[in-house]
Amino acid sequence: MEGLELLMLIGLFGVFTGLILAKSSFSNNTAHIFALVYGFALIAFLIGRTLPGDMEWRERILDLFTRQFLWLNKAFSGGTSRDGLIFLLQTAGIFWLLGYTAAWYTFRRLHVWRVVLPTGLVLLSSVYYYYGPKPLAVFVAAYVLVALVYIARTHLVVQEREWRAGAVRYERGDLRRGFMRASFLIAVLALLVAWSTPVLGANARVGDALYEANQPWRKLQDNWTRLFSSLRSYGTGTNDPYLDTLVLGGPRSVGSELIMDIYVNQRLPYIYWQALALDTYDGQGGWSASELESVVHIPDEGVLNTPFESGRQVITQTVRNYLNNSSTLYGAPAIIGSDRQMLVDFRYDEGGNMLVNGVRSRYVLRAGDRYNVQSTVSVADESSLRAASSDYPAWIEEIYLQMPETITPETVDLAAEITAPYDNAYDKASAVQRYLRENISYDDQIDAPPEGVEPVHYTLFVSKRAYCTYYASAMTMMLRSQGIPARIVNGYAQGEFVEDANVYRVRANNAHTWVEVYFPQYGWIQFEPTASIPVVARPESADAGDGSDPNTVSAVSDLDREALLGEEELNPAEDPTDLLQDLPRNEGADEAALSAQARLLWLVRGGVGLLVLALAGAALLLAGRYNRRVEASVEGSYSRLESWSNWLGVTLRPVETPYERADRLAVAVPAGKTPIRNLTQYYVLSRFSPGRGADQQIDPAAEWRALRPVFLRESIRRRLQRFSRSSTRK
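Residues numbered from 1 in each chain as written. Predicted model: local features only at pLDDT ≥ 70, side-chain atom pairs only at ≥ 80, totals over all residues. Heavy atoms only, no water.

**Q** I'd like a description of a nonpolar patch on the surface, backed by residues and values.
**A** On the surface, I33, V37 and Y38 cluster together into a nonpolar patch covering about 300 Å² of accessible area. Residue placement: Y38 occurs in helix α2 (residues 28–48). (Patch = residues over 30% accessible without salt bridge, like charges linked within 9 Å, V, L, I, M, F, W, Y side chains within 5 Å. Areas by Shrake-Rupley, 256 points an atom, 1.4 Å probe, with all protein chains shown as cover. Salt bridge = Lys/Arg side-chain N within 4 Å of Asp/Glu carboxyl O. Helix = DSSP H or I, 4+ residues; strand = E, 2+ residues; numbered from the N terminus.)

**Q** Which residues make up the sheet that holds strand β9 (residues 335–338), and what values do they have?
**A** Taken together, six strands build an open sheet; the order of strands is β9-β12-β7-β2-β17-β16 and the sheet is antiparallel. Each having just a single partner strand, β9 and β16 (496–498) make up the two edges of the open sheet. Each strand axis lies, on average, 30° off the axis of its neighbour in the sheet, ignoring direction. Summarising the sheet, strand β2 (residues 258–263) and strand β7 (residues 312–321) pair through four bridges and their orientation is antiparallel. Note on β7: the bridge partner recorded for D261 is R320. (Pairing = 2+ DSSP bridges. Axes fitted to C-alpha atoms, helices over the stretch in contact; angles between N-to-C directions.)

**Q** Which residues make up the pairing of strand β19 (residues 523–527), and what values do they have?
**A** On a regular strand, one side chain projects to one face of the sheet and the next to the other, so that they alternate. Judged by how many residues are buried, β19 sits mostly within the fold: five of five residues are covered. Where strand β18 (residues 511–519) lies against β19, five bridges are found, and the strand directions are antiparallel. Note on β19: the bridge partner recorded for F519 is G523. From the end of β18 to the start of β19, which pair antiparallel, there are three residues, and Q521 there has a positive phi angle of about 80°. (Buried < 20%, exposed > 50% of the residue type's maximum accessible area, 1.4 Å probe, protein only.)

**Q** An account of helix α15 (residues 468–481) is requested, with residue identities and associated values reported.
**A** In this model, α15 (14 residues) spans 20 Å end to end at C-alpha, consistent with the 20 Å of a helix rising 1.5 Å per residue. Counting buried residues in α15 gives 13 out of 14 residues, a clear majority hidden from the surface. At the exit of α15 stands G483, carrying a positive phi of roughly 80°. (Expected span 1.5 Å × (residues − 1).)

**Q** Could you give me a rundown of the environment of I186, with the residues and numbers involved?
**A** Structurally, the position occupied by I186 is in helix α7 (residues 172–196). On the basis of relative accessibility, which here comes to 57%, the residue I186 falls in the exposed class. For the pair I186 and V149, spaced 37 residues apart in the sequence, the C-alpha separation amounts to 9.1 Å.

**Q** Kindly report on the pairing of strand β17 (residues 503–507), identifying the contributing residues and their values.
**A** When you tally the buried positions in β17, you get five out of five residues, the bulk of the element. Here β17 shows no split at all, with V503, R505 and R507 on one side and Y504 and V506 on the other all buried. Across five bridges, β2 lies against β17 in antiparallel orientation. Across the sheet, the residue bridging to M260 is V506, located in β17. Inspection of the sheet shows β16 paired to β17 by three bridges, in the antiparallel sense. Bridge pairing in β17 links E496 to R505.

See below:
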């Protein structure tokens, strides 16, 4: 984003301003007011310079105020902000505040943790949510090292003040050098130990059980990206099965790992779960997507602005993901919306509508995450598709009729021969589909084509064996050679349908590639050339069939866009994942994890509760034992007096005698005068006159039982009083 380079400058100015004001004679509140004015002026000046140069400065300041006001209005009204300058403006304010407070709490009122923790939290949040190429972990390590050295240095400063107040002589130069050298080495050692500590692997089951606990944080994330939707998002290292390229290779091996459960209102006709579409074939077995735009889509913006197409019906699906670190949002073709913030890969048509190739979650999906997807599923009948126009838009012909020069004349001639008897794209596509299913044997253990041999030609005329990517590539190239726009789509076949729960269970071995053919007015229509996958049996006409056959698509009359978006979703009172316990038990760890999720959730909650109670009880028991052991010791009992004096804000000087210290502490806490003097006398006699100390009839534990609540009340009273003074001080 333009202007981010200003943040470092603003932070440095904040530190400088904090240093000057901390060393000044201004009162706290006066210094803070000056800092506010200086910060506002600097931020307005630097960020105002990024606005168009023809604006007057009065207009620039007014523009900044107006943008901030509009952002606040959207924040409270639930709107979406796409103004990137607001992020820069507010981040600049945070950097100024961090710089100023760091200097203030170092040079005016020393509070080490108020310096280290806020800056560290900002850095950690940036690193945690950053998925770009920069190695930000190095900056975290550097920050931790500097912070540890800073803490050590400030501790030395405090000790030197006490030594000087007590007239203690010491060699300043040698002491500082030795202390800082040792502090640096300890900090480096701590970093090395932390760096070498093994990372605990994420437990998908525990993460799934705690899913509900993360919902408030996810809502915060949603609100954040709603209000700063113009920010660029980086992808992260994901284990998505599908990338933006595909290569026709050798044998493939897929397991039975559970990928997702997809809940629907009722059983659908044979359906696919789309990941992304590919349109460009390089003639050497490689597929890719031509240049696309990418945009963030927020759920409250409604559905995507896709072209309206006839013969489609909106369905809502609830998807439960079982892949860790996944980003792809799956749904029936074609996806038009989701309750997740998503990154949409698309291009525009001539009318400015979005032509979507694939959608991804803006946030990485974890195992157990759920999301809703809206799709427009084609229910067009055969008669309508046969009658569709062959007058294709220019953008369709430019992209989806692309053919490399390596496609052989034999492939083109075979396609022409198969499609010659037909006069429309639907029958031609059906004929090619039928030919491939009948003449190419399914085999997912085939070898890759030999070097220099075009893979489609090799499949059709040499090996005559294939799996889905080869089938789909052959059909797409054959149709394109006859002027019919087509593309391949990656995703999953429908999977196993569980009747009682209305859920499709999709596994790794359902991974699939199919063909989509473009029909003007009806959009992309799925075809299935792979011999091992069932073919969608479309009704002959809109009047044929009542839809009772689950493998037959029932045609519906054209619906307007508003009607399409009015479909009722799943009953909110019936969370679809509550049906998990009703799913049939299958062998494998995935099913065991699913059936145990509800119990695991309660076990985790109960375990956490019991653990908290046990820790509280253990803490009380250990505290009691520790108190008895410390207070029974002469040295320990007296050292506790010194510890409480720090809590009470009473500074005990090293040069004072024990009785002088006791008098200072008794003046600060009059109600504890007698126990304080008794404990001090017991210490002095035991330390300096052992014989007489043994004759004293003093029980330190009894004295502390009387003194501890007095100290506790006084320390609370003093802190409340200090807080009240700081809030009303000039």
